[in-house]
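One letter stands for each residue in the lines below.
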Amino acid sequence: MAASRTIRFKVAILLVLPIVSLVGLWVFLTAVTVGDALKWVTADAFTKHTGTPGNDYVVALQRENMLSGQYLGSRDSGDLSALLEQRTVVDDKRDTFLKGATRDDVPEAMRPVYDEVISVANNLRSIRERVDAGQADLVRLSDDFGRLPDLFCQLADGVTVTLDSSLYQQAHAFILVGQARDAFTREASMGAAALAAHRPFTPLERRAFTRLADTRIFLIDQGLAQMAPNLRAPLFAVLHSPDAIRFQQMEEQLVAQQNVSQDSWRAVSDRLQSAWHVAEDGSTAALNRESAPTAINAFLRAGAAGLIGLLAVIGSVLLTVRLARGLSRELGALRDAAQDLATVRLPRVVARLKQGDQVDVAAEAPPIEPAGSTEEVRDVAAAFDSVQRTAVEAAVEQAVLRESVGGALRNLARRSQSLVQRQLRMLDEMQRDTDDPIRLDELFRLDHLTTRMRRHAEGLIVLSGGSAGRVYRQPVHLEDVLRAAVAEVEAYTRVTVYPMSDSAVPGTVVADLIHLFAELVENAAVYSPPHTEVTVRGDLVARGFAVEVEDRGLGLKPDELERINRRLAEPPEFNPADTDRLGLVVAGRLAARHHVQVELRRSPFGGVSAIVLLPAALLVKEEARLEVTR
Amino acid sequence: MTEDEEDEEPVVRSYALTRGRVAGEIDLTAIVAATGIEPSHRVNLSLEHRRLLALAGVARPLADVASDSNLPIGVVRVLISDLVEHQMIEIRPSMRGVTEGLLREVINGLRAL
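Residues numbered from 1 in each chain as written. Chains lettered and ligands numbered in written order. Predicted model: local features only at pLDDT ≥ 70, side-chain atom pairs only at ≥ 80, totals over all residues.

## Considerations on the interface of chain B and chain A
Here's step 1: Residue-level contacts link 20 residues of chain B with 33 residues of chain A.
Here's step 2: Every element with two or more residues in the side of chain B that touches chain A is listed here: helix 1 (14–17) and helix 4 (73–85) of chain B.
Here's step 3: Among the elements that make up the side of chain B that touches chain A, the one with the highest residue count is helix 1 of chain B (3 residues).
Here's step 4: Residues belonging to the side of chain B that touches chain A are distributed by class as follows: 10 nonpolar, 5 polar and 5 charged. (Contact = placed C-beta atoms within 7 Å. Helix = DSSP H or I, 4+ residues; strand = E, 2+ residues; numbered from the N terminus. Nonpolar A, V, L, I, M, F, W, Y, C, P; charged D, E, K, R; others polar.)

Written out as structure tokens, the structure reads:
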């Protein structure tokens, strides 16, 4: 691992990609669905602003075409007034159309067609001028009038929403039928013009007429075939009505150059046109009614897809964040617990065991409570528990072992102390009984050896955790304590205890203090040349009683001094492997037990002086000092 | 190790009181008496020296002094020798050798006065 990262970071990295993908998918899906629904909105707007007025305009224009044809043929004033009337209608419709038409409702691809529709719609004047002058030839007039409906059909077809294929098919069928109606009006117009002029079609006109008729029949067949039955019925009725059949007969007669009544052509085509218009309007309305639910469905679908998708996205993000947080919280808690265990709890238990305290393992090493429900985290917590338990048990076992070894050593040392004590008592009696200096000298030497044996036995007791144990009933002068301490040292004749102020300590601590001073004096005597003196001085000070044990040796290096002072201040666990200056370890133990301060310093004479401060609390109070053992 | 019922052992061992010395042939019946000379400052007198000096304030036999000091006689001899050396105590010859005849003569002589 190149760099240390938190679990939280890694989980976040792990989850970012799926979440981003999910959000992306949702955005895409919503855009598509809403886009579809928006198409309905634009298509609806197109129908409202452009489609319906445009259709009205086209129908009016087709009517003008028919009337123009009639007028061209008859040049009759009645026909002219009808034509002029229709022209105002057409102009009205055109104005409405142009005012409402909105280019924005038209899809990008259909905009050129739209532009053309608008330009053609604005360009009626030249056609009308030609009609008024009687110059228009029928074919060209028909083409000119047919241009706008043609373009408009293209536009309508292009705008039709393609969401629903069956709906598209219906709309397309209507456009086909609309184109058929255009062909029909152009036929009617051409026929009326020729009949009014009482002349047959020119070959050119006949060909155009025939083509229109074929187109109309083909488109009607195509359109009706594609229509849904309920939409087709009204149109079918009109297109197979007697008028329609009659129109077709007259159409055939015209093509065949047979005589056709001008009046009945006009009447039939007028009736058929208006009936057709009505039927088509009705069917278109029905189609729009049918398509409305589809539009609503599209909106509902878009809304539902967007909303459900959004909920799913929010849900998954929330769930993810929660899971990730939970996981990192669990792991964090586990880490804290493990650190607490490693740095606080275990060291505390071990320290208390070392001090010899009784430790309740269950209370001191309670199981780690994992914060969450993740199985692996629980497993790790359980593993830590067992590590903790094992460690504490090992520490307890070690403490018990140390305690039992200490107990055994203490026991043996006490027995030997007891025997030595009896021996000393016997020596006392023998010394009192003898009058012979030579014998006394021998007894003295024996006494000295025995006293030192007792000291070693007591040292062993102290090291194994006990107390020197000899108790005096009366307080003892500190000077006597110091002299007794000196007596326990091998080279006691080199040691001088100078007279000191009267101070006494209780009998209960005398043995421990004698031992403490004996170790310091021994240290001073051992580490100084045999011919030099070791001095012991004591005096009352503000905080208690100070004793100085000074040798005239070579002294110690500063770091050595510091090391010894540290051992005196914080006596280490007894380590049988480290017997270097064992006596100072004993001294440190005893000093700690009685809150006595011991410090080694460099003496002005070059040797070492041990400064001991007995706290005032350890001294016998003034009034209690009357009964001091002498 | 409390042994309350028995006599308490001395805090300072006897050999320490004499610094291991055993010299001194002083008769138990010899009379010891303080001379009244103050010790010089250079002299390091122990507690026991001073106690013996006090006990010898009135001239009395060594045996009495030793008994009162509760110290072994060997120790007392060494310490008294120390004090003699510093001229703080003088030892007078004992009354050993005084016979009954001599005593009678002394009595008779006194009566004749």
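Moving on from the coordinates now.
## Describing the environment of Ile-175 of chain A
Here's step 1: Along the chain, the position of Ile-175 of chain A falls in helix 6 (residues 165–196).
Here's step 2: The spatial distance from the C-alpha of Ile-175 of chain A to the C-alpha of Asp-150 of chain A is 10.0 Å, given a sequence separation of 25 residues.

## With respect to the packing of helix 16 (residues 558–569) of chain A against helix 17 (residues 582–593) of chain A
Residues and elements named next belong to chain A.
Here's step 1: In contact at an axis separation of 7 Å, helix 16 and helix 17 are set at 45° when each is read in the N-to-C sense. On the basis of their axis angle, the class for helix 16 and helix 17 is oblique. Counting all contacts with helix 16, which are made through Ile-564, Arg-567 and Leu-568, the residues of helix 17 involved are Leu-584, Val-585, Ala-587, Gly-588 and Ala-591.
Here's step 2: When its residues are assigned to classes, the contact of helix 16 with helix 17 shows 6 nonpolar, 1 polar and 1 charged. (Axes fitted to C-alpha atoms, helices over the stretch in contact; angles between N-to-C directions. Parallel < 35°, antiparallel > 145°, perpendicular 65-115°, else oblique.)

## As for the pairing of strand 4 (residues 534–541) of chain A
All names here are of chain A.
Here's step 1: Alignment of strand 2 (residues 495–497) against strand 4, held across 3 bridges, turns out to be parallel. By the bridge assignment, Thr-496 is partnered in strand 4 with Thr-535.
Here's step 2: Pairing of strand 4 with strand 5 (residues 544–550), which is carried by 7 bridges, proceeds in the antiparallel orientation. Across the sheet, Gly-538 pairs through a bridge with Val-547, a residue of strand 5.
Here's step 3: What sits between strand 4 and strand 5 in their antiparallel hairpin is a turn of 2 residues. (Pairing = 2+ DSSP bridges.)

## Some points on helix 9 (residues 242–255) of chain A
Residues and elements named next belong to chain A.
Here's step 1: Its 14 residues give helix 9 an end-to-end C-alpha distance of 20 Å, which sits within 8% of 20 Å, the value for a rise of 1.5 Å per residue.
Here's step 2: Here helix 9 has its buried residues at Phe-247, Glu-251 and Leu-254. Taken end-on, helix 9 shows its buried residues confined to a sector of 60°, consistent with a single buried face. Seen from the open side of helix 9, the exposed residues pointing more than 90 degrees away from its buried face are Pro-242, Ile-245, Gln-249 and Glu-252. (Expected span 1.5 Å × (residues − 1). Buried ≥ 20, exposed ≤ 12 C-beta atoms within 10 Å, placed from the backbone. Arc of directions from axis to C-beta.)

## Comments concerning unusual backbone geometry
All names here are of chain A.
Here's step 1: Of note in this structure, His-595 is not a glycine but carries a positive phi near 55°.
Here's step 2: Summarising the element assignment, His-595 is placed in the loop between helix 17 and strand 6 (597–602).
Here's step 3: Owing to 12 C-beta atoms within 10 Å, His-595 belongs among the exposed residues under this scheme.

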